[in-house]
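# A look at the structure
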Amino acid sequence: MDAGGPRLPDTVLFEIFLYLDHADVLSVGLVCQQWHAVARDEFLWKELFYRYYRVSRDVPRHPGAVSWYDEFQRLYDTIPCVEVQALKEHNDQVLHLSFSHSGCLFASCSKDCTVKIWSNELDISLQHSSNMRPYNWSYTQFSQFNSDDSLLLVSGVFVGPHNSSSGEIAVISMENFTLLSRVRNKPYDVFGCWLNETNLISGNLHRIGRITSCSVLWLNNAFQGIESENVNVVKRLFKIQNLNASTIRTVMVADCSRYDSPDLLLDYEEQLAASSTCPVFDLGSDSEEEEAKPKPPPEPAVQELPDAGGVPAEAEHGLQQLFDDIMEGVRPAMTETELETKVAELFVRNRTKPPEPNLLPTDSNSKIKYLIFTTGCLTYSPHQIGIKRILPHQMTTAGPVLGEERRSDEFFDSLDHVIDIHGHIIGMGLSPDHRYLYVNSRAWPRDCVISDPMQPPPIAEEIDLHVFDLKTMKEVKRALRAHRAYTPNEECFFIFLDVSRDFVASGAEDRHGYIWDRHYNICLAKLQHDNVVNSVAFSPVEQELLLTASDDTTIKVWRSPRAVRVRQARRPRPRKLLFSWLMNQKS
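Procedures and definitions
Residues numbered from 1 in each chain as written. Predicted model: local features only at pLDDT ≥ 70, side-chain atom pairs only at ≥ 80, totals over all residues. Heavy atoms only, no water. 1 Å grid on protein atoms, 1.4 Å probe; cavity = no way out; pocket = protein on both sides within 12 Å on 5 of 7 lines; lining within 4 Å. Points joined across faces, edges and corners; volume = space filled by probe spheres on them. Helix = DSSP H or I, 4+ residues; strand = E, 2+ residues; numbered from the N terminus. Nonpolar A, V, L, I, M, F, W, Y, C, P; charged D, E, K, R; others polar. Buried < 20%, exposed > 50% of the residue type's maximum accessible area, 1.4 Å probe, protein only. Lys, Arg positive; Asp, Glu negative; His and termini not counted. Salt bridge = Lys/Arg side-chain N within 4 Å of Asp/Glu carboxyl O. Contact = heavy atoms within 4.5 Å. Core = buried A, V, L, I, M, F, W, Y, C linked by side-chain atoms within 4.5 Å. UniProt positions renumbered as here; feature names shortened; annotations may be inferred. Expected span 1.5 Å × (residues − 1). Pairing = 2+ DSSP bridges. Axes fitted to C-alpha atoms, helices over the stretch in contact; angles between N-to-C directions.

The name recorded for the protein chain in an unreviewed UniProt entry is FBXW5 protein, from Climacteris rufus.

Dropping the structure here:
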């Protein structure tokens, strides 16, 4: 179509463009002068964007975008969806990936019982591999770099006496890859995490009854062999009672000091209050059609735990009353499990330190950190998120090994906050600014009743990706969806997710990794593997680089179309080099 030919109405052009793919839409201006004349028409690109991506029209443009054209191009050109490399050095299932904070290195854990450290250069290459079998490990399952990238925490499954399995954490120096220390970690799916540059958190589990236990969270110094002769290398942080076969798992630390300068605000009301020049939004439905679908399971209940002060006498009376009622036959018959749970509940009321007041962060307590973990109260299946505040004086191993002085009636620590997910939690991840917590879960039936803690409800195949604002302790509306899982409760395993400035990614059991846009709440890409995708990881300095790890034993490297073009432009062209060599020979 040339400039002198008949002109199509803009509405007709618009309908044509709706059926073109991204590449055609963005390149059509090169061949169509008529389209080029309206290529920067904001109204046309806005309509095209909303209709192509099926985004609700209540959602404003991304706060970092200057035009709808640029925003359309961003979602096409900057998604890491092009496979550029497949790493096959592992010989068994790859379970976890983690980047260093500088983005120069990343680590991978595998069922082959090695942790491998890779160099992230133009082409990714293997730098070091540590085999943990000499330490009686079955496999490595998780790793995390400390804040200055000098140490690597590696978590694995340890084989103990009589083939019993527990967990262990190893600390490896990044200077010479030597093993600095090892710490027991029970159960193994506590994983462990760094609290600061030199201190890490591990767990231990003590059985009290058949379905009642106590989780103890310990603070450990990474340099135990060097420091142990002079100062404490371990200190008890918290001691928490578990009911109905539940345990504390999957610990992580959130830094409250970063909440007031988030990379991306997700709450629409907060956006309006902050600035009219920075449009952000409350996550909504993907399309108008979705509004007509049946409503999803009830939103997770976010609850602040009541102050336990003044309860001991009442709890003691309640325990005595329970025994009297049982002996006199007043109370209906109870199973052994029900009786154990009831006694444990009454006991813990009389032996628990009350929660800290005023959980939400303020200017005066911005140095506080949150310890976040999965837990439960109804069954062994992790269905709640527990949050416990870590105060500045608790962030060192100095002081008594058993931690703070306690009164005789403060045997356990209470949780400061609990979020009930109403489903099996299979993954958690923090946004880079630590403002938002993303949670993978598989929902229970809406009106299910749990009568036996050893028989949790069936779980959905669909995975819901919930988003919680840790500054307000509220859920951001609507869960992200697309990915699926198929294993039942007793076989359910962790699927690691990761969050960048603009995107969130997750693995799945359907042989794909997934990428969503955090602002528009839409799925942007499916990344193919030959088996379950266990873990994903964005580069912390380049969100257009994503890694995926799979049961197919490979790690795949994905880059955005834009990054691929840039990389190709940087590579020397053989013809030019040959021409230069020939010219030099002639001269």
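After that view, the rundown keeps rolling.
### Digging into the layout of surface pockets
Empty space among the atoms becomes visible once a probe the size of a water molecule is rolled across them. Each pocket or cavity is described by its volume, and for the largest pocket that value is around 1300 Å³. His101, Gln144, Leu430, His434 and Asp498 are the residues nearest the centre of the largest pocket, which is lined by 48 residues in total. Broken down by secondary-structure element, the contributors of at least two residues to the lining of the largest pocket are strand E2 (94–99), strand E6 (137–145), strand E10 (193–194), strand E14 (249–255), strand E21 (423–430), strand E25 (497–499), strand E29 (533–539) and strand E30 (542–550). Residue classes in the lining of the largest pocket are distributed as 23 nonpolar, 18 polar and seven charged.

### Quick look at the environment of Asp70
Mapped onto the elements, Asp70 comes out in helix H5 (residues 68–77). Taking the relative accessible area as the measure of exposure, Asp70 reaches 27% and is therefore partly exposed. For the pair formed by Asp70 and Trp45, sequence separation is 25 residues and the distance between their alpha carbons is 9.2 Å.

### Details of the side chain of Lys369
Secondary-structure assignment places Lys369 in strand E17 (residues 369–375). Although Lys369 is buried, it forms no salt bridge, and the closest oppositely charged side chain is Asp255 at an N-O distance of 5.1 Å. When neighbours within four sequence positions are excluded, Lys369 is seen to be in contact with Leu195, Asn196, Val253, Ala254, Asp255, Cys256, Lys388, Arg389, Ile390 and Met395.

### Some details on the nonpolar core
Core analysis: the largest hydrophobic core is formed by 20 residues, its most contacted members being Ile372, Ile385, Leu437 and Leu470. Those elements that place two or more of their residues in this core are E14, E17, strand E18 (384–390), E21 and strand E22 (436–443). With three residues, E21 is the largest single contributor of residues to this core. Contact partners of Ile385, with chain neighbours within four places excluded, come to Ile372, Phe373, Thr375, His417, Val418, Ile419, Ile421, Ile425, Met428, Leu437, Val439 and Phe468. One finds Leu195, Ile201, Ile248 and Val253 within the second-largest nonpolar core, a separate group that totals 18 residues.

### A look at the UniProt feature "repeat: WD" (unreviewed entry) in the protein chain
When the UniProt feature table is mapped to this numbering, "repeat: WD" (unreviewed entry) covers residues 87–119 and 526–558. Across residues 87–119 one finds 0% helix and 58% strand; the C-alpha atoms that close the span lie 12 Å apart. Helix makes up 0% of residues 526–558 and strand 70%, and the two end C-alpha atoms of the span are 11 Å apart.

### Section: helix H4 (residues 42–53)
Between the first and last C-alpha of H4 there are 16 Å, a value that for 12 residues agrees with the 16 Å anticipated at 1.5 Å per step. Within H4, the full set of buried residues consists of Leu44, Trp45, Glu47, Leu48, Phe49, Tyr50 and Tyr53. Following H4 by one or two positions, Arg54 has its phi on the positive side, about 55°.

### A word on the sheet that holds E30
Strand order in the open sheet formed by four strands is E1-E31-E30-E29, with antiparallel pairing between adjacent strands. Each edge of the open sheet carries a strand with a single partner, namely strand E1 (82–87) and E29. Averaged over neighbouring strand pairs, the angle between their axes works out to 25° when direction is ignored. One ladder, built from five bridges, connects E1 with strand E31 (residues 555–559); its direction is antiparallel. Directly across from Val82, in E31, lies its bridge partner Arg559. Helix-sheet contacts for helix H11 (residues 561–570) involve E1, E30 and E31, and the interaxial angle to E31 is about 90°.

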